[in-house]
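Breakdown of the fold
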Amino acid sequence: MRKFIALVLIAGFMSGCAMVGAPVTGFLYTDVKAPLAVTSNAGSSKVGTAKMQSILGWVATGDASIEAAAKSAGITKIHHVDYEANSILGIVASFTVVVYGE
Amino acid sequence: MRKNIPLLTLIFSLLLQPVLFSQNLDKFYSRRVQEGGDIFFVFPNNDFENTVNHSDFIFDVTLREGNDTTHINFTYYTSEPSPARQLSIKSGDFETTAPTEKLYVDFVKHKWEHRYSASFTVDDLQKAMTSATPCQFRVETKNESLEYAVRHKKWQKYIAAFDKVFYIIFPERFE
């Protein structure tokens, strides 16, 4: 029983470290999409993404800037920006920015 | 220990969640409703690698309802500058080639990162992306031909999802 409690405490410690920012988050599991920005530019024919990731909350890498996402699809006029946030038990977490535009 | 079984089951279920719901298309593509035809975006695939030096090849696909042309944006890495001239997709006996358009070139972590775009017809993309034979990408540069392949198991998973997306966009093609 002690080992189990220790395991839960360790898992909890790890979970707390690898959470991802979002309007709503799940301690055990997060998989949400939400808006980030919108402009007055009309329509979109191109889509670009940029992603950053975290493992155990110990290592975090990536460039999830709007600029990186727009650059990946050659977008010069942004229509709107969404993002997706995912995390599983605080072990892995990712944040993806999705840019729509021309 | 028996008291902990429901909790352990819950934890393992969550760990297995990505596998259990692997056919959940939300993670595979996004759809935006807009005037003139919905826009579909198939998220980046990074399962392909160079057949010689195992460097990465990442691509995504953008399709628009009512449009016969699709766009593949792709990234490849080389140790020396090596701009792309054309992109070929080969699947079994079928092969299609398109000229490329540069999006950007960058130097990241001691490697040249090339990001290009190529346009293919919906017909050609469907033939290549829904074939049971894993497709191969070939980037033609001035000095060399770079080939990228994918493992059969990963490809099967990818085309299973891609086939569903094709049906969502073009149901008339399945009649």
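Anyway, here's the lowdown on the structure attached to this text. Residue positions are given per chain, counting from 1 as you read along its sequence in written order. The order in which chains are written sets their letters, starting at A; the order in which ligands are written sets their numbers, starting at 1. Under the rules for a predicted model, residues below a pLDDT of 70 receive no local features and side-chain atom pairs below 80 are neither given nor counted, while totals for whole chains, interfaces and linings still include all residues. Only hydrogens and water are removed before side-chain values are computed, so all heavy atoms of the structure are retained for them.

The next point concerns the overall build of chain B. The number of helices and strands found in chain B is 4 helices and 9 strands. The order of helices and strands in chain B, counted from the N terminus, is α-α-β-β-β-β-β-β-β-α-β-β-α. Throughout, exposure labels follow a simple rule: accessible area from a 1.4 Å probe, protein chains only, divided by the maximum for the residue type, with under 20% read as buried, over 50% as exposed, and the rest as partly exposed. Buried positions account for 43% of the 175 residues belonging to chain B. Only heavy atoms matter for contacts: two residues are in contact if any of them lie within 4.5 Å across the pair. Expressed as a percentage of contacts within chain B between residues at least 6 apart in sequence, the contacts between residues at least 24 apart total 58%. For the area figures, the Shrake-Rupley method with a 1.4 Å probe applies, and any residue is considered shielded solely by the protein chains shown. In the form shown here, chain B has an accessible surface area of approximately 9,800 Å², with 52% of it arising from carbon and sulfur atoms. Going along the chain from the N terminus, every DSSP run of H or I of four or more residues is numbered as a helix, and every run of E of two or more is numbered as a strand.

Next up on the list: the packing of helix α3 (residues 122–129) of chain B against helix α4 (residues 152–169) of chain B. Residues and elements named next belong to chain B. What counts as an axis is a line fitted to C-alpha atoms, over the stretch in contact for a helix, and the angles between N-to-C directions run from 0 to 180 degrees. Between α3 and α4, the shortest axis-to-axis distance is 10 Å and the interhelical angle comes to 145°. Contact with α3, carried on its side by Val122, Leu125, Gln126, Ala128 and Met129, involves Trp155, Tyr158, Ile159, Phe162 and Phe166 of α4 and no other residues of that element. Note on residue classes: Ala, Val, Leu, Ile, Met, Phe, Trp, Tyr, Cys and Pro are nonpolar, Asp, Glu, Lys and Arg are charged, and everything else, Gly too, is polar. The residue inventory of the contact of α3 with α4, partitioned by class, reads 9 nonpolar, 1 polar and no charged.

Take the pairing of strand β2 (residues 39–50) of chain B next. Residue and element names in this part refer to chain B. Pairing between two strands requires that DSSP report at least two bridges joining them. In this sheet, β2 lies alongside strand β1 (residues 29–32) in antiparallel orientation, the contact comprising 4 bridges. Counterpart to Tyr29 in the pairing with β2 is Val42. Connecting β1 to the next strand, β2, in antiparallel fashion are 6 residues, including Gly36 with a positive phi near 90°. Pairing of β2 with strand β3 (residues 56–64), which is carried by 7 bridges, proceeds in the antiparallel orientation. Bridging across to β3, Phe41 finds its partner in Thr62. As judged from the 2 bridges shared by β2 and strand β9 (residues 145–149), these two strands associate in the antiparallel manner. Directly across from Asn50, in β9, lies its bridge partner Tyr148.

Turning our attention to the pattern of salt bridges. Residues and elements named next belong to chain B. Salt bridges are defined by distance alone: a side-chain nitrogen of Lys or Arg within 4 Å of a carboxyl oxygen of Asp or Glu. Taken as a whole and assessed by the stated rule, the structure comprises 8 salt bridges over all chains. Between Asp38 and Arg31 there is a salt bridge; the shortest N-O distance is 2.9 Å. Two residues, Glu140 and Arg138, come together in a salt bridge whose shortest N-O distance is 2.7 Å. One network of salt bridges, in which partners are shared, links Arg31, Asp38 and Glu65.

So, on to the packing of aromatic side chains. Both the distance between ring centres and the angle between the ring planes are used here to describe each pair of aromatic rings. All names here are of chain B. Any two of the Phe, Tyr and Trp rings considered here, Trp counted by its six-membered ring, make a pair once their centres fall within 6.5 Å; the pair's planes then place it as stacked at under 30 degrees, edge-to-face at over 60, or tilted in between. Following the criterion strictly, the structure yields 23 aromatic pairs over all chains and no others. Ring geometry for Phe48 versus Trp155: centroids 6.0 Å apart, planes at 85°, classification edge-to-face. Pair noted here: Phe48 is in strand β2 and Trp155 is in helix α4, with a separation of 107 residues, a long-range link. The exposure class of Phe48 is buried, given its relative accessible area of 1%.

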